[in-house]
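In case you want the letters, here they are:
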Amino acid sequence: MSKQSPKSKSRKEPASAKEAPVEIATASVEAPEKKSLPNQKTPEEKQKAHRDGIIKTIFAAVLGIIFGVVMFSQYGTGEDRIWYAILMIVIGITYYVQKLVYIPLKIDTKEFKLKDWLFVEFIVIDFFLVTWTLLLN
């Protein structure tokens, strides 16, 4: 037998694979149980959430249009005012108006998250700026 060089010692022959008998274990595989998710909503809850979303969007749009008309009638072009101060005033007033008006509309504002408030305020500001711009032209 010949001596193995250090390089050949590090090389290993592939291990011979032993074939294991393949067993079909269909009986041991169980169908996954249907788990009820805690966040699953009933069709009535989905319908109410959809209706509430439409009401929030429409009310925010109308509020933005109203504030666009009011600011145009009050400030005109607004050249003598600081524009971001006007935006902050609109955001502050519309936040509290929405918080008060959603209660009679049976929309729970306590369930609102930051994302929801940012959404409705974006709609208000968007419609406010578009309305004011259209009135300026």
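Residues numbered from 1 in each chain as written. Predicted model: local features only at pLDDT ≥ 70, side-chain atom pairs only at ≥ 80, totals over all residues. Heavy atoms only, no water.

Caption draft 1: How the structure looks around the overall build of the protein chain. Across its full length, the protein chain carries four helices and zero strands. Reading the protein chain from its N terminus to its C terminus gives the helix and strand order α-α-α-α. Within the protein chain, contacts between residues separated by at least 24 positions form 79% of all contacts whose residues are at least 6 apart in sequence. Of the roughly 11800 Å² of accessible surface on the protein chain, 62% is carried by carbon and sulfur atoms. (Helix = DSSP H or I, 4+ residues; strand = E, 2+ residues; numbered from the N terminus. Contact = heavy atoms within 4.5 Å. Areas by Shrake-Rupley, 256 points an atom, 1.4 Å probe, with all protein chains shown as cover.)

Caption draft 2: Highlighting the packing of helix α2 (residues 43-75) against helix α3 (residues 83-101). Two elements in contact, α2 and α3, have axes whose closest approach is 11 Å; the angle formed by their N-to-C orientations is 140 degrees. On the basis of their axis angle, the class for α2 and α3 is oblique. For the element pair α2 and α3, the recorded crossing hand is right-handed. In this structure, α2 uses F59, A60, L63, F67, M71 and Y75 to contact α3, whose residues at the interface are I86, I89, V90, I93, T94, V97, Q98 and V101. The residue makeup of the contact of α2 with α3, split by class, is twelve nonpolar, two polar and no charged. (Axes fitted to C-alpha atoms, helices over the stretch in contact; angles between N-to-C directions. Parallel < 35°, antiparallel > 145°, perpendicular 65-115°, else oblique. Left-handed = near helix turned anticlockwise from the far one by under 90°. Nonpolar A, V, L, I, M, F, W, Y, C, P; charged D, E, K, R; others polar.)

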